[in-house]
Amino acid sequence: MDLLTAIVKYYTACLIVFNHGLIGISKRFSRLKIVNAAKEIYQGPSVAYKSAASDLKTAISEFDQALQDQTRALVVGIFIHRT
């Protein structure tokens, strides 16, 4: 998965959870806001958030691995060139 795509999906999921869970729909549903906030706190994040967080973690791991491979190839190339 592309790192940028995973970041966008993660932030989108965060905004959705924040909007529905903490802000609510309008002022007249103040009790609903409190209930939704309590659900988010006690039940944990929603499935969409968990999925986006998992995708982000995978994308970061893939990016780190690619960066390590590229660095390793560069170091080996410099070493071979000098010998």
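As the structure is a prediction and not an experimental result, all values here were calculated from the model.

Turning next to the overall build of the protein chain. When helices and strands are counted, the protein chain shows three helices and zero strands. Reading the helices (α) and strands (β) of the protein chain from amino to carboxyl end gives α-α-α. Within the protein chain, the fraction of its 83 residues that count as buried is 13%.

Using the criterion set out here, one finds two aromatic pairs in the structure. Among the aromatic residues, those joined into a ring-pair cluster are Tyr10, Tyr11 and Tyr49.

What follows deals with the pattern of salt bridges. Scanning the entire structure with this criterion turns up two salt bridges. With a shortest N-O distance of 2.9 Å, Lys9 and Asp55 are connected by a salt bridge. Of this pair, Lys9 sits in helix H1 (residues 3–23) while Asp55 sits in helix H3 (residues 47–82), and the two are 46 residues apart along the sequence. Assessed through its relative accessible area of 36%, Lys9 is described here as partly exposed.

The end-to-end C-alpha distance of H3 is 53 Å, a good match for the 52 Å that 36 residues give at a rise of 1.5 Å each. Burial in H3 covers these residues: Ala52, Leu56 and Ala59.

So, about the nonpolar core. In terms of nonpolar packing, the biggest core is built from six residues, these being Ala6, Tyr10, Ala13, Ala52, Leu56 and Ala59. Elements with a minimum of two residues in this core: H1 and H3.

On to a nonpolar patch on the surface, then. A cluster of nonpolar side chains, namely Val76, Phe79 and Ile80, defines an oily patch on the protein surface of about 320 Å² accessible area. Take Val76: it is sitting in helix H3.

Moving on: the environment of Ser51. Its location among the elements puts Ser51 in helix H3. Judged by relative accessible area, Ser51 falls into the partly exposed class, the value being 37%. For the pair Ser51 and Lys9, spaced 42 residues apart in the sequence, the C-alpha separation amounts to 9.3 Å.

Procedures and definitions
Residues numbered from 1 in each chain as written. Predicted model: local features only at pLDDT ≥ 70, side-chain atom pairs only at ≥ 80, totals over all residues. Heavy atoms only, no water. Helix = DSSP H or I, 4+ residues; strand = E, 2+ residues; numbered from the N terminus. Buried < 20%, exposed > 50% of the residue type's maximum accessible area, 1.4 Å probe, protein only. Phe/Tyr/Trp six-rings, centres within 6.5 Å; stacked < 30°, edge-to-face > 60°. Salt bridge = Lys/Arg side-chain N within 4 Å of Asp/Glu carboxyl O. Expected span 1.5 Å × (residues − 1). Core = buried A, V, L, I, M, F, W, Y, C linked by side-chain atoms within 4.5 Å. Patch = residues over 30% accessible without salt bridge, like charges linked within 9 Å, V, L, I, M, F, W, Y side chains within 5 Å. Areas by Shrake-Rupley, 256 points an atom, 1.4 Å probe, with all protein chains shown as cover.

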